[in-house]
Amino acid sequence: MDWKRIDWARRSGGPIEADLIEAYVQGKINRRNFVKRGAIIGLSMPMMGAVIAACGSDDDDDAAPTTEGSSSGSEAPTTDAATDTGSGASGGDLTAGIQTGDANSGLDPVNMLDLGTYAVLSQSFEYLVGLGDDGNIANTALATEWTPNDDASQWTFKLREGVTWHDGTPLTAADVVGTVERMVEVGAGLAGVVSAGATEASDDLTVVMNLDSPNGNLPVLVSLFNPQSLITPADYSSGTTLSDRKAGTGAWMLDDFDPSAFRAKFVPNPNWWGGSVKLDSVTLQGFESGGTKVAAFAAGEIDVIQDFSISDGATLLNDDNVKVLTPPSANHRQIWFNTQLPEGGPFTDVRVRQAVCYAINREQLVNTVYEGQAQIGNDHPVFPTLPFFDETQEQRPYDPEMAKQLLSDAGYADGIEIPIQVGDLGEIPAIAAIVELYLAAVGITTPVSVTPNSDFYGEYWCTGASYGTQPETSGPGRPCGASAQIGIVDYGHRPTPDIFFGRALATDGDWNSSNYASSAFDGLFGDYQSATDVAGQKDAVGQIQRLLHEDAPACYPFFFNYLSATSSEINGFQTTALGHLQLQNTTKG
């Protein structure tokens with residue numbers, strides 16, 4: 001142990017940086033988690049490398065940082081860029097098959113909800129915080145560095161020099177401030193984090209965000225892992241779409257968009273700050289179903305497939321002509337319950353919600369639907385590899401007898417009949433069909449109602465059809481008053497659970513289809529957000545895990561691997577488990 005170098009590192013930053021270094025020195029977190037957390041709080045790669053070298057080797061040697069803005073790791077590949085960048089012929093036209101986007105939101109950066117639209121908009125617009133080769137956040141986008149003050153109530157971001165919009169005007173801090181203001185207006189992951197007027201441009205390349213309270217994970221909320229945080233021009237009003245106003249700082253400029261086919265064609269931005277791209281054009285083609293998307297890929301009609309499920313594309317896993325990418329993934333399917341509406345409904349009773357969670361055979365579900373490409377969850381959205389995950393929490397078992405007893409105790413010994421609402425996304429209908437069988441065995445009848453995914457979010461998830469005389473929305477604590485009584489919705493990967501907590505579970509969260517309103521949860525979520533030390537985050541998250549397990553506003557039966565693929569002639573492609581297609585370094589041939 002090189003204590004002289006460690007002491008130097010401790011003194012080089014503030015108390016937040018020192019706490020993380022101390023946690024690593026004392027072995028409270030492993031090397032990989034040290035690098036992940038260090039990237040979030042803005043520790044430089046040279047600094048992290050110095051600390052790791054000073055501490056010597058550990059049992060996690062493959063997690064050491066290797067390049068600016070990235071780190072190596074043993075996770076399954078998120079990219080083939082590390083080995084293939086520069087190989088393959090320049091030029092050519094690439095076609096990627098993606099999910100068809102939501103017709104209700106169109107190409108609206110701040111209100112989009114689906115992987116298809118994420119992929120389209122992130123070709124032209126960029127994020128403040130980007131993606132590293134290890135699949136975690138890095139300084140590879142519009143911000144080159146970020147630092148918190150001593151209690152993480154204020155964060156300062158330095159912007160990259162020489163970035164211009166597609167029309168040639170320079171990117172400035174005013175554009176970032178305008179974007180944050182639009183995010184605050186609609187929520188977009190910043191509700192309760194920063195208020196209107198609290199973000200400032202101290203100069204053209206410096207943005208200062210003054211938060212409502214300390215937040216130890218803010219850079220994640222302005223990264224590509226909060227997709228609605230794409231940086232748009234200062235005068236880009238809420239509701240404006242990319243197809244209405246073709247703008248951006250990114251490597252690709254929108255050439256044409258056909259909303260009826262959900263097909264977008266892009267051409268290179270000759271003035272992109274990152275240099276010249278290799279391809280002549282990129283076309284993103286939407287597909288309504290996973291099966292047709294896989295079929296088009298197998299037939300050679302598309303070069304890249306944004307994502308595929310085991311049920312549609314298991315054969316791709318063993319095809320020598322296909323490169324399969326599995327980026328880091330906390331992806332899950334949330335089985336939500338409307339905990340408040342209709343008033344007096346079965347799922348307003350916690351015992352009924354718990355009964356559903358006990359009735360699901362998680363291990364069988366994972367093996368049947370995912371063929372091992374998933375792991376069992378425990379009714380909260382905290383992924384087991386996170387440094388603050390509490391592994392001491394007891395796993396909820398498959399216990400149909402307990403489910404029956406809970407239903408009887410709640411006054412439903414004779415059963416319940418309520419349809420379960422799902423979109424036609426991937427394997428979700430198949431999951432719903434299996435869940436229907438599990439629930440039928442304990443006396444809950446849930447006929448599966450499948451809606452096209454492009455309509456599902458507006459009809460049944462958060463806004464949409466009301467319950468007769470019940471209002472579509474109703475005051476504090478009912479942000480999604482019109483959501484179905486029970487349904488299954490997709491949640492993509494985030495490197496921390498802030499979005500899962502703040503948008504899907506916090507009182508008044510804009511994605512809170514459960515209408516879960518718990519002052520206990522809100523308090524613990526606040527404790528987690530304001531914790532800047534590893535121990536504080538772990539304590540708060542452990543309590544959150546137990547509370548969600550008990551209250552059961554939703555069942556989280558599993559986390560599943562995200563699967564993407566390219567043909568063998570595609571090199572330098574990178575993806576995320578949120579459907580982003582990083583094509584700026586991609587070659588074909």
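Residues numbered from 1 in each chain as written. Predicted model: local features only at pLDDT ≥ 70, side-chain atom pairs only at ≥ 80, totals over all residues. Heavy atoms only, no water.

Looking now at the nonpolar core. F34, L128, F157, L284 and F521 are the most contacted members of the largest nonpolar core, which totals 130 residues. Broken down by element, this core gets its largest block of residues, 7 residues, from helix α4 (residues 45-55). Those residues in contact with F34, other than ones at most four positions away along the chain, are L20, I21, Y24, I29, L43, M48, V51 and I52. Judged by nonpolar contacts, the second largest core, of 39 residues, contains I360, A374, L425 and I434. (Core = buried A, V, L, I, M, F, W, Y, C linked by side-chain atoms within 4.5 Å. Buried < 20%, exposed > 50% of the residue type's maximum accessible area, 1.4 Å probe, protein only. Helix = DSSP H or I, 4+ residues; strand = E, 2+ residues; numbered from the N terminus. Contact = heavy atoms within 4.5 Å.)

In this section: the pattern of salt bridges. Tallying each qualifying case throughout the model produces 17 salt bridges. Residues R10 and D7 are paired through a salt bridge, measuring 2.7 Å at the closest nitrogen-oxygen approach. Highlighted residues: R10 and D7, both in helix α1 (residues 3-12), separated by 3 residues, approximately one helical turn. The exposure class assigned to R10 is partly exposed, which follows from its relative accessible area of 22%. A relative accessible area of 29% places D7 in the partly exposed class. (Salt bridge = Lys/Arg side-chain N within 4 Å of Asp/Glu carboxyl O.)

This next bit is on the pairing of strand β22 (residues 564-567). Because side chains alternate across β22, one face comprises the buried residues S564 and T566, and the other comprises A565 and S567, equally buried. Relative to β22, strand β11 (residues 304-305) is paired through 2 bridges, and the arrangement is antiparallel. Following the sheet pairing, I305 is matched in β22 by A565. Note: strand β12 (residues 322-325) against β22, 4 bridges, orientation antiparallel. (Pairing = 2+ DSSP bridges.)

Running from N to C, helix α12 (residues 362-370) and helix α14 (residues 428-440) cross one another at 150 degrees; their axes reach a closest spacing of 11 Å. Of the possible angle classes, the one that applies to α12 and α14 is roughly antiparallel. The two elements α12 and α14 cross, and the hand of that crossing is right-handed. Residue-level contacts link Q364, L365, T368, V369 and Y370 of α12 to I431, I434 and Y438 of α14. The residue inventory of the contact of α12 with α14, partitioned by class, reads 6 nonpolar, 2 polar and no charged. (Axes fitted to C-alpha atoms, helices over the stretch in contact; angles between N-to-C directions. Parallel < 35°, antiparallel > 145°, perpendicular 65-115°, else oblique. Left-handed = near helix turned anticlockwise from the far one by under 90°. Nonpolar A, V, L, I, M, F, W, Y, C, P; charged D, E, K, R; others polar.)

Our next topic: the packing of helix α11 (residues 350-359) against helix α13 (residues 400-409). Two elements in contact, α11 and α13, have axes separated by 8 Å at closest approach and are oriented at 165 degrees. When the interaxial angle is binned, α11 and α13 end up roughly antiparallel. Seen along the crossing, α11 lies across α13 with a hand that is left-handed. Facing α11, whose interface residues are R351, V352, Q354, A355, Y358 and A359, α13 presents P400, M402, A403, L406, L407 and D409. Looking at side-chain class alone, the contact of α11 with α13 contains 9 nonpolar, 1 polar and 2 charged residues.

Before going further, it helps to examine the packing of aromatic side chains. Inspection of the entire model under this criterion finds 23 aromatic pairs. Ring centres of F501 and F521 lie 5.8 Å apart, and the angle between their planes is 80 degrees; this geometry places the pair in the edge-to-face category. Taken together, the residues F501 in helix α16 (residues 498-504) and F521 in helix α17 (residues 519-530) connect sequence positions 20 residues apart. Grouping residues by exposure puts F501 and F521 together as buried. Pairwise contacts between aromatic rings join W336, F456, Y457, W461, Y491, F500 and W511 into one cluster. (Phe/Tyr/Trp six-rings, centres within 6.5 Å; stacked < 30°, edge-to-face > 60°.)

The next point concerns the pairing of strand β8 (residues 252-258). Examined bridge by bridge, β8 and strand β9 (residues 263-268) share 6 bridges and lie antiparallel to one another. The partner of M253 across the bridge, within β9, is V267.

Attention now moves to the state of the cysteines. A complete count under the given rule lists 2 disulfides for this structure. Through a disulfide, C357 is tied to C555; the S-S separation comes to 2.1 Å. The S-S bond linking C357 to C555 shows a torsion near -100 degrees; that makes this disulfide left-handed. With C357 in helix α11 and C555 in strand β20 (residues 554-555), this pair connects stretches of sequence that are 198 residues apart. Of the two residues, C357 and C555, neither departs from the other in class, the shared state being buried. (Disulfide = S-S within 2.5 Å.)

Right, let's get into the sheet that holds β11. Sheet architecture is open: 7 strands sit in the order β8-β9-β10-β1-β11-β22-β12, paired in mixed fashion. In the strand order of this sheet, the two ends are held by β8 and β12, each with one partner. Bridge count for β9 against strand β10 (residues 281-287) is 4 bridges, and the pairing is antiparallel. Its bridge partner lying in β10, F266 is registered against V282. In the packing of helix α6 (residues 115-124) onto the sheet, contacts are made with β1 (93-99), β8, β9 and β10, and the angle to β1 comes to roughly 145 degrees.

Next up on the list: unusual backbone geometry. Omega for the peptide link from L341 to P342 comes to -10 degrees, which places this bond in the cis form. Structurally, P342 is set in the loop between β13 (332-337) and α11. Although it is not a glycine, F262 sits at a positive phi angle of roughly 45 degrees. Note that F262 resides in the loop between β8 and β9. You can call F262 buried: its relative accessible area is 4%. We note that D508 has phi near 75 degrees; this positive angle belongs to a residue other than glycine. The class for D508 is partly exposed, based on a relative accessible area of 42%.

Note on placement: T179 falls in helix α7 (residues 173-186). The contacts of T179, once residues within four sequence positions are left out, are S229, L230, I231 and T232.

The next thing to look at is the sheet that holds strand β5 (residues 154-159). Here 4 strands make up an open sheet; going across it, the order is β4-β5-β7-β6 and the pairing antiparallel. Pairing within the sheet leaves two strands with one partner each, and these edge strands are β4 (143-148) and β6 (199-203). Strand-to-strand, the axes of this sheet are offset by a mean angle of 20 degrees, without reference to chain direction. Helix-sheet contacts for helix α3 (residues 31-41) involve β4 and β5, and the interaxial angle to β4 is about 90 degrees.

Turning next to empty space enclosed by the protein. Inspection of every chain in the model, using the stated rule, returns 5 cavities of 30 Å³ or more. Taken together, 32 residues make up the lining of the largest cavity; nearest its centre are Q99, D307, R333, L425 and G426. In terms of residues, the lining of the largest cavity owes the most to one element, helix α10 (residues 310-313), which gives 3 residues. For the lining of the largest cavity, a count of residues per class yields 11 nonpolar, 13 polar and 8 charged. What lines the second largest cavity is a set of 13 residues, among which L113, Y118, D490, Y491 and W511 lie closest to the centre. Mapped by element, the contributors of at least two residues to the lining of the second largest cavity are α6, α15 (453-461) and β19 (486-491). If one sorts the elements of the lining of the second largest cavity by residue count, β19 sits on top with 3 residues. Among the residues making up the lining of the second largest cavity, the classes are represented as 9 nonpolar, 1 polar and 3 charged. (1 Å grid on protein atoms, 1.4 Å probe; cavity = no way out; pocket = protein on both sides within 12 Å on 5 of 7 lines; lining within 4 Å. Points joined across faces, edges and corners; volume = space filled by probe spheres on them.)

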